[in-house]
Protein chains: 4
Amino acid sequence: MFETGHFATLWRNMAVALGLEVDFVPTDWRHGVDPEVVEQKLVEDKGHRIKSVMAVHNETSTGVTSKIPPVRAAMDRAGHPALLMVDTISSLASIDYRHQEWGVDVTVGCSQKGLMLPPGLGLNAISEKALQASKSAKLPQSFWDWEAMLTANKIGFFPYTPATNLLYGLQEAIHMLEEEGLPNVFARHDRHAEATRRAVQAWGLEVLCADPQEYSSSLTAVMMPEGYDADALLDTILKKFDMCLGIGLGKVKGKIFRIGHLGHFNDLMLAGTLSGIEMGLSLAGIPFSKAGTAAALEYLADTLG
Amino acid sequence: MFETGHFATLWRNMAVALGLEVDFVPTDWRHGVDPEVVEQKLVEDKGHRIKSVMAVHNETSTGVTSKIPPVRAAMDRAGHPALLMVDTISSLASIDYRHQEWGVDVTVGCSQKGLMLPPGLGLNAISEKALQASKSAKLPQSFWDWEAMLTANKIGFFPYTPATNLLYGLQEAIHMLEEEGLPNVFARHDRHAEATRRAVQAWGLEVLCADPQEYSSSLTAVMMPEGYDADALLDTILKKFDMCLGIGLGKVKGKIFRIGHLGHFNDLMLAGTLSGIEMGLSLAGIPFSKAGTAAALEYLADTLG
Amino acid sequence: MFETGHFATLWRNMAVALGLEVDFVPTDWRHGVDPEVVEQKLVEDKGHRIKSVMAVHNETSTGVTSKIPPVRAAMDRAGHPALLMVDTISSLASIDYRHQEWGVDVTVGCSQKGLMLPPGLGLNAISEKALQASKSAKLPQSFWDWEAMLTANKIGFFPYTPATNLLYGLQEAIHMLEEEGLPNVFARHDRHAEATRRAVQAWGLEVLCADPQEYSSSLTAVMMPEGYDADALLDTILKKFDMCLGIGLGKVKGKIFRIGHLGHFNDLMLAGTLSGIEMGLSLAGIPFSKAGTAAALEYLADTLG
Amino acid sequence: MFETGHFATLWRNMAVALGLEVDFVPTDWRHGVDPEVVEQKLVEDKGHRIKSVMAVHNETSTGVTSKIPPVRAAMDRAGHPALLMVDTISSLASIDYRHQEWGVDVTVGCSQKGLMLPPGLGLNAISEKALQASKSAKLPQSFWDWEAMLTANKIGFFPYTPATNLLYGLQEAIHMLEEEGLPNVFARHDRHAEATRRAVQAWGLEVLCADPQEYSSSLTAVMMPEGYDADALLDTILKKFDMCLGIGLGKVKGKIFRIGHLGHFNDLMLAGTLSGIEMGLSLAGIPFSKAGTAAALEYLADTLG
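A few points on the structure. (Residues numbered from 1 in each chain as written. Chains lettered and ligands numbered in written order. Predicted model: local features only at pLDDT ≥ 70, side-chain atom pairs only at ≥ 80, totals over all residues. Heavy atoms only, no water.)

Right, let's get into the relation of the copies chain C and chain D. Its rotation angle being 180 degrees, the transformation that places chain C on chain D also includes 0.0 Å of axial translation and leaves an RMSD of 0.0 Å. Both copies are brought into coincidence by an operation consistent with a two-fold rotation axis. The position closest to the rotation axis in chain C is occupied by the C-alpha of Gly272(C), lying 2.2 Å away. (Least-squares fit on C-alpha atoms with pLDDT ≥ 70 in both.)

Residue and element names in this part refer to chain C. Running from N to C, helix H7 (residues 182–203) and helix H9 (residues 267–283) cross one another at 20 degrees; their axes reach a closest spacing of 11 Å. In terms of orientation, H7 and H9 fall into the roughly parallel class. In this structure, H7 crosses over H9, and the sense of that crossing is right-handed. Where H7 approaches H9, its residues Arg191, His192, Ala195, Thr196, Ala199 and Trp203 are matched on the opposing element by Asp267, Leu270, Leu274, Ile277, Glu278 and Leu281. Looking at the contact of H7 with H9 residue by residue, the class counts come to 7 nonpolar, 2 polar and 3 charged. (Axes fitted to C-alpha atoms, helices over the stretch in contact; angles between N-to-C directions. Helix = DSSP H or I, 4+ residues; strand = E, 2+ residues; numbered from the N terminus. Parallel < 35°, antiparallel > 145°, perpendicular 65-115°, else oblique. Left-handed = near helix turned anticlockwise from the far one by under 90°. Contact = heavy atoms within 4.5 Å. Nonpolar A, V, L, I, M, F, W, Y, C, P; charged D, E, K, R; others polar.)

Spatially, chain A is disjoint from chain C: no contact exists, and the shortest C-alpha separation is 15 Å. One finds no contact linking chain B with chain D; the least C-alpha distance across the pair is 15 Å.

It is a general feature of regular strands that their side chains alternate between the two faces of the sheet. Residue and element names in this part refer to chain A. Counting buried residues along strand E1 (residues 52–56), 4 of its 5 residues qualify, which places the element largely inside the surrounding structure. Pairing geometry for E1 and strand E4 (residues 83–87), over 5 bridges, is parallel. Bridge pairing links Val53 to Leu84 in E4. (Buried < 20%, exposed > 50% of the residue type's maximum accessible area, 1.4 Å probe, protein only. Pairing = 2+ DSSP bridges.)

As a further point, take the packing of aromatic side chains. All names here are of chain A. Scanning all chains against the criterion turns up 4 aromatic pairs over all chains. Between Tyr97 and Trp102, the aromatic rings sit 5.3 Å apart at their centres with planes inclined by 75 degrees, giving edge-to-face as the arrangement. Above the face of the Phe24 ring, Arg12 is positioned so that its terminal group lies 4.4 Å from the ring centre. (Phe/Tyr/Trp six-rings, centres within 6.5 Å; stacked < 30°, edge-to-face > 60°. Lys NZ or Arg CZ within 6 Å of the ring centre and 35° of its normal.)

With 18 residues of chain B in contact, the opposing surface of chain A contributes 18 residues. For the pairing of chain B and chain A, the buried interface totals around 1700 Å² over both sides, and the portion due to carbon and sulfur atoms is 73%. Run the count over chain B and chain A and you get 0 salt bridges. Connecting chain B to chain A are 0 residue pairs in polar contact (both at pLDDT 80 or more). Ranked by residues supplied to the side of chain B that touches chain A, first place goes to helix H9 (residues 267–283) of chain B with 8 residues. Of the residues contributing to the side of chain B that touches chain A, the split by class is 10 nonpolar, 6 polar and 2 charged. (Buried area = accessible area lost by both parts, 1.4 Å probe. Salt bridge = Lys/Arg side-chain N within 4 Å of Asp/Glu carboxyl O. Polar contact = N/O pair within 3.5 Å; in protein donor to acceptor, adjacent residues only side chain to side chain.)

Moving on to the sheet that holds strand E6 (residues 122–126) of chain D. All names here are of chain D. Spatially, the 4 strands line up as an open sheet ordered E1-E4-E5-E6, and their pairing is mixed. Edge positions in the sheet fall to strand E1 (52–56) and E6, since each has one partner strand and no second. Adjacent strand axes in the sheet meet at a mean angle of 15 degrees, parallel and antiparallel pairs treated alike. The sheet contact formed by strand E4 (residues 83–87) and strand E5 (residues 106–110) spans 3 bridges and is parallel. Each bridged residue has a counterpart across the sheet, and for Val86 the counterpart in E5 is Thr107.

All names here are of chain C. Restricting attention to buried positions, one finds in helix H4 (residues 128–136) the residues Ala130, Leu131 and Ser134. What you see down the axis of H4 is that its buried residues fit within an arc of 100 degrees, all on one side. Summarising the geometry of H4, the exposed residues directed more than 90 degrees from the buried face are Glu128 and Lys135. Tucked inside the fold, the buried residues of H4 contact strand E4 (83–87), strand E5 (106–110), strand E6 (122–126) and helix H5 (146–154). (Arc of directions from axis to C-beta.)

The subject of this paragraph is the pairing of strand E1 (residues 52–56) of chain B. With respect to burial, E1(B) is a largely interior element, 5 of its 5 residues being buried. Of the two faces of E1(B), both are covered, the one formed by Ser52(B), Met54(B) and Val56(B) as well as the one formed by Val53(B) and Ala55(B).

Okay, here's the thing in structure tokens:
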């Protein structure tokens, strides 16, 4: 598992809590999964002790989107039987992702981000290979016991109390996404992400994600100038403008803030968001240039469909 | 009655339709009620044929807010018994207004603007003098027959089917307004109106309302440069940014557009609104300076409580 | 206009308030419109002073449904040019009604009964003949000025502020009605009305509507035994069971209560309603037989589709 | 752990899946936890291998409510250090329950029953002793890792994404419960449960719960006459009356059906519910007496506050 940020760390901790041995690859939180490291580790694992390669597609805490197909290719080159498991919490329905086409074995998603619903639904896509592995696995399984769910789902039921209200919401969310067209949804988020990065650059600040190939289209993490506290800035923005931005988590706490631009989001919401940050930066006495919102607006106006 | 805009005209038409004789004072739609004209007309009306002076407090179609106390003072100076009737459709709960203190006889309001509710409730405040007048009036009365409403209201009922859902909404709206405090609500709208006017000025455009004493705090009407169609601009903004601004009505159709900043509205909503207009002006090829949003943001940041 | 109950009286009062001369035919509130009286009055009106025959299709205050086609036939036999105007407030979308097929000139409906919405929408169907008449009419017109509405509606607009939220609700209500099928909706209400009458009969009470041909399928008014106050009964039911039934209005105040069974209503809601009344009758010490709910349930079980 | 029904079995399975050794006491599903068995097992466990006594307070699948204080007393008599853990899924806020007063160590509840909310919140009450035990426990912990939650909750946060919408709902649910008063809420459910049992008895059917001391006030499971399928009955009731009752689960599948009377529920909802069952029993050709609804109504009318 790769340490691309706070949520990768949480997944690691959960796996460890469940008694799993985890080979956790430390990173600088500014880059995604490195397929070469995956290949090397798998090649070295002659005894096939590694059961699964786990990656977070879009790290919610850093705004880094790992490329999954190269990871799959690395695994294939190594000829290793490990499963590929991917967390799509903050990318599902916001950033292009292809469970089957990319050869992923287990994909985990949720209701409360790109699907525009309240939290409460976890969504799993499972390959035949993963299903077989789960049947022979000796690990404790409870929430992750797919069998009960698969059996009941076939006849239209849930083995436990279903979140019926969210299932109706999911139906409507999917209808909305199909009405817009998934490619258009992805393009919309790409465009808002680019506009956000132009604002960040014009402010004279830096995006946390260091590799343009890995920029996230659903959120952008922004680094504070040395010596300025991100949490104090967000506190000011919350109090003055009633806008809640994402704080830095884990090892970047206080050093970054995060701008979400996913789900039901449009040009003017982004304009309002960036305006609030720009005014907040002023109020917090942070050295920056006021040209950010204007730069984003210019890009948005230039790229209208 | 004074022609301060489209809605004053509608009221005139309704009055005429009900068989009333109306002395309608034409204006340029850029100014409010002139108390001197009121005084003069009443002084000349030796026979007291004039039954009522009717004014629109805040003209929704022009963004002109007439000063009501000077009108009352003019009526008092003339010593004339006419009633004073005021339309507060787009000012109630957004701009300071005092039915009793200002000596108004009939005030008409609604649910769907400053009270932040769907349309469906009409609100009337009635002086004792107006109530007496309605009892002796010979005019056809149906919706305006206050007696049935007053009798039923006393015991907690309505004479007809009440919009119960809106009454619950009204209770919550009043709770929200009291929680913020009406003076704070008014100050919030004053500040957003000033920020809007600064944006208009920075764009190089002109506010329709010609007298700064009569600027509306709930909406701002903006004049288009000669030769440019406001409706085409709004159509572009609606299609590109999913934002619906107010068109010009009546004799200013196509010549102005209107920016609403009333009800449940905050700094970042205004920032999004102005950003959408600024991008729309660009797209529509209208000659303007892009400095509007920035000017508004600067004012907003400088005047935070 | 026929006095079939309280709402017919209200319409009369409104017409009088608007300065109209009304020939109001008094009735016992237990029968609907008598076509023979209509024919006779029109035949006698050689000078065509009568401009309109007005009827309430389903009297909400009495549960009497007037037959409209015989009224039309009577008018045709008399060869009189008067318009036929019908109030369908509590029948629209609950009881079969055919504006065009029955030759009605003006039909008035609303959102808050059979259309299952909050109050706030008035719906008018207007014949070409009525439209022409309105153009030459000399009456004061304001809310009833169809021209402004017709012109704006053609291009998808309203001349005044529309109740947009209710229009969305109307779209969904119509979708629900079409999904069930209007004939099924009408049959559902017919069946619930018959079950209700069987309960009333089994209780040993009497239905206000005296003519089985005129029984209402959307509500049933029940006569109290001599010497017992209906309002006291309803007060007990409200306090003990949180159920609000219709009180007697106008000249039947205190003498009847009304059971609504229209709109979104099913067998078990009716069972709950009748159970509440049955327990209420017990609590209020009214002489009756407890066999009502059981009789209704038996009929419902016997007539399931 | 005691097998009081299907949900006790599910808990057993989850515990087993997590690698725990479980001593599961089989029962006939018609009785609750037997404190004598608890005492005996603990006395015999000289080596203190038993870490926890687990009970379901109100078995949702059988309508049996176990008495918790006698279990606690049995544990105290045995002088055994095991924790007492109780599932209150279908009793919390419906049936009197006292975590602290009764000396329970871990109580588990949920949002979707007595708290009248959609599913999505799990609620845990934890004794100091349980907290200490969790710190030294060697079991895999992830969802059950209270530490992260306790730390974050202290400063008003959640360690993961909170179901904010449900927290607002919880606030309102608690407000509603306090407005009615918990003793009144419990008495309301007691009364509806008794009325339901009177209906069952009058129908000539039998309640599954065999001990009147253990009757559930939140739901009643009813046994079908020998040779009749409960699921077919419920299918008829669902199709004909749009009412969904609880099916028999696990080893009573097809043999019982369950009537819920918890949460936001009143006399007339119960009357509708029982009426639907009574008509369903008729339609399904099940031998029974039609006196059930009437018996319940009589009891309800006799016991009004």
